[in-house]
Amino acid sequence: MPEIQMPKLSDTMAEGTLVSWKKKKGDTVSAGEVLAEIETDKATMEWESPEDGTLTEIYVEEGDKVNVGDKIAFIGGEGEEAPKEEEEKAKEEKEEKPEAEEEKEEEKEAKQRRKAGGAEGGRERGTKNGATQSGKES
(Lines give C-alpha, C1' and ligand atoms only; values in the text may rest on other atoms or scores of the structure.)
Protein backbone atom coordinates (compact mmCIF):
# COMPACT_ATOMS: atom_id res chain seq x y z
CA MET A 1 0.00 0.00 0.00
CA PRO A 2 1.16 3.52 -0.64
CA GLU A 3 2.98 6.06 1.38
CA ILE A 4 1.16 9.31 0.68
CA GLN A 5 3.33 12.24 -0.34
CA MET A 6 2.59 15.95 -0.55
CA PRO A 7 1.20 16.34 -4.06
CA LYS A 8 2.27 19.03 -6.51
CA LEU A 9 -1.07 20.73 -7.11
CA SER A 10 0.21 23.52 -9.35
CA ASP A 11 3.18 24.10 -11.66
CA THR A 12 4.74 26.60 -9.28
CA MET A 13 4.06 24.71 -6.05
CA ALA A 14 7.21 23.88 -4.06
CA GLU A 15 5.50 23.41 -0.68
CA GLY A 16 2.02 23.30 0.71
CA THR A 17 0.29 23.79 4.03
CA LEU A 18 -1.82 20.93 5.31
CA VAL A 19 -4.82 22.97 6.38
CA SER A 20 -6.94 20.12 7.78
CA TRP A 21 -7.32 16.36 7.79
CA LYS A 22 -10.79 15.17 6.74
CA LYS A 23 -9.99 11.66 8.01
CA LYS A 24 -8.24 10.57 11.17
CA LYS A 25 -5.77 7.78 11.91
CA GLY A 26 -7.51 4.41 11.77
CA ASP A 27 -10.28 5.55 9.41
CA THR A 28 -11.12 3.42 6.38
CA VAL A 29 -10.78 5.40 3.16
CA SER A 30 -11.88 4.76 -0.42
CA ALA A 31 -10.17 5.91 -3.59
CA GLY A 32 -11.48 9.35 -4.49
CA GLU A 33 -12.58 10.16 -0.93
CA VAL A 34 -11.30 13.50 0.41
CA LEU A 35 -8.39 12.98 2.83
CA ALA A 36 -7.22 16.51 3.48
CA GLU A 37 -7.30 20.17 2.51
CA ILE A 38 -3.99 21.50 1.20
CA GLU A 39 -3.18 25.15 0.69
CA THR A 40 -0.90 25.91 -2.24
CA ASP A 41 0.67 29.21 -3.22
CA LYS A 42 -2.56 29.98 -5.12
CA ALA A 43 -5.55 28.21 -3.51
CA THR A 44 -6.81 25.75 -0.92
CA MET A 45 -7.75 22.43 -2.48
CA GLU A 46 -9.27 19.16 -1.34
CA TRP A 47 -6.98 16.19 -1.84
CA GLU A 48 -8.40 12.73 -2.48
CA SER A 49 -7.18 9.29 -1.50
CA PRO A 50 -5.34 7.53 -4.34
CA GLU A 51 -6.68 4.10 -3.24
CA ASP A 52 -8.74 2.09 -0.79
CA GLY A 53 -7.36 1.15 2.62
CA THR A 54 -6.94 2.33 6.19
CA LEU A 55 -5.24 5.58 7.14
CA THR A 56 -2.69 3.93 9.43
CA GLU A 57 -0.28 6.85 9.91
CA ILE A 58 -0.44 10.63 9.71
CA TYR A 59 3.04 12.16 9.63
CA VAL A 60 2.05 15.82 9.28
CA GLU A 61 -0.09 17.86 11.64
CA GLU A 62 -2.66 20.41 10.58
CA GLY A 63 -1.04 23.77 9.86
CA ASP A 64 2.36 22.29 8.99
CA LYS A 65 4.16 23.39 5.82
CA VAL A 66 5.44 20.46 3.77
CA ASN A 67 7.68 20.27 0.72
CA VAL A 68 6.25 18.63 -2.39
CA GLY A 69 7.15 14.93 -2.35
CA ASP A 70 7.57 14.66 1.44
CA LYS A 71 5.52 11.93 3.07
CA ILE A 72 2.39 13.06 4.85
CA ALA A 73 0.51 9.80 5.56
CA PHE A 74 0.33 6.05 4.97
CA ILE A 75 -2.63 4.09 3.69
CA GLY A 76 -2.40 0.42 4.57
CA GLY A 77 -4.34 -2.67 3.63
CA GLU A 78 -6.27 -4.71 6.16
CA GLY A 79 -4.01 -5.21 9.21
CA GLU A 80 -1.06 -3.50 7.46
CA GLU A 81 0.95 -0.93 9.40
CA ALA A 82 3.24 1.80 8.12
CA PRO A 83 6.81 0.56 7.66
CA LYS A 84 8.96 1.66 10.59
CA GLU A 85 12.17 -0.35 10.27
CA GLU A 86 12.24 0.11 6.50
CA GLU A 87 11.90 3.86 7.00
CA GLU A 88 14.99 3.97 9.18
CA LYS A 89 16.95 1.79 6.74
CA ALA A 90 15.88 4.00 3.83
CA LYS A 91 17.01 7.11 5.71
CA GLU A 92 20.38 5.52 6.49
CA GLU A 93 20.83 4.48 2.86
CA LYS A 94 19.98 7.99 1.67
CA GLU A 95 22.55 9.42 4.08
CA GLU A 96 25.20 6.88 3.03
CA LYS A 97 24.69 7.35 -0.71
CA PRO A 98 25.55 11.05 -0.78
CA GLU A 99 28.70 10.36 1.27
CA ALA A 100 29.75 7.59 -1.11
CA GLU A 101 29.03 9.82 -4.11
CA GLU A 102 31.09 12.65 -2.55
CA GLU A 103 34.00 10.24 -2.03
CA LYS A 104 33.80 9.12 -5.66
CA GLU A 105 33.76 12.74 -6.84
CA GLU A 106 36.77 13.55 -4.63
CA GLU A 107 38.63 10.55 -6.04
CA LYS A 108 37.89 11.69 -9.61
CA GLU A 109 39.05 15.23 -8.83
CA ALA A 110 42.24 13.91 -7.20
CA LYS A 111 42.99 11.78 -10.29
CA GLN A 112 42.40 14.76 -12.55
CA ARG A 113 44.72 16.91 -10.42
CA ARG A 114 47.40 14.22 -10.52
CA LYS A 115 47.10 13.93 -14.31
CA ALA A 116 47.17 17.69 -14.75
CA GLY A 117 49.98 18.05 -12.21
CA GLY A 118 52.02 15.35 -13.92
CA ALA A 119 51.65 17.04 -17.32
CA GLU A 120 52.49 20.50 -15.95
CA GLY A 121 55.31 19.12 -13.84
CA GLY A 122 56.86 17.52 -16.94
CA ARG A 123 56.77 20.82 -18.81
CA GLU A 124 58.36 22.67 -15.94
CA ARG A 125 61.15 20.13 -15.60
CA GLY A 126 61.75 20.18 -19.34
CA THR A 127 62.04 23.96 -19.30
CA LYS A 128 64.43 23.97 -16.36
CA ASN A 129 66.51 21.15 -17.79
CA GLY A 130 66.59 22.83 -21.21
CA ALA A 131 67.72 26.13 -19.67
CA THR A 132 70.38 24.39 -17.58
CA GLN A 133 71.69 22.32 -20.46
CA SER A 134 72.02 25.27 -22.80
CA GLY A 135 73.40 27.46 -20.08
CA LYS A 136 70.84 30.18 -20.75
CA GLU A 137 69.00 31.82 -17.92
CA SER A 138 65.37 32.77 -18.24
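Residues numbered from 1 in each chain as written. Predicted model: local features only at pLDDT ≥ 70, side-chain atom pairs only at ≥ 80, totals over all residues. Heavy atoms only, no water.

## Points about the packing of aromatic side chains
Piece 1. Going through the model one piece at a time under the given rule, you end up with zero aromatic pairs.
Piece 2. Lying over the aromatic face of Y59, K71 brings its terminal NZ or CZ to 4.5 Å of the ring centre. (Phe/Tyr/Trp six-rings, centres within 6.5 Å; stacked < 30°, edge-to-face > 60°. Lys NZ or Arg CZ within 6 Å of the ring centre and 35° of its normal.)

## As for the side chain of S49
Piece 1. Here S49 is to be found in the loop between strand 5 (44-48) and strand 6 (53-58).
Piece 2. A distance of 2.6 Å separates a polar atom in the side chain of S49 from the backbone oxygen of E51.
Piece 3. Setting aside residues no more than four positions away along its own chain, S49 makes contact with V29, S30, A31, G32, E33, L35 and I75. (Helix = DSSP H or I, 4+ residues; strand = E, 2+ residues; numbered from the N terminus. Polar contact = N/O pair within 3.5 Å; in protein donor to acceptor, adjacent residues only side chain to side chain. Contact = heavy atoms within 4.5 Å.)

## Observations regarding the pairing of strand 8 (residues 71-76)
Piece 1. A large share of strand 8 lies buried, amounting to five of its six residues.
Piece 2. Pairing of strand 1 (residues 3-5) with strand 8, which is carried by three bridges, proceeds in the antiparallel orientation. Following the sheet pairing, Q5 is matched in strand 8 by K71. (Buried < 20%, exposed > 50% of the residue type's maximum accessible area, 1.4 Å probe, protein only. Pairing = 2+ DSSP bridges.)

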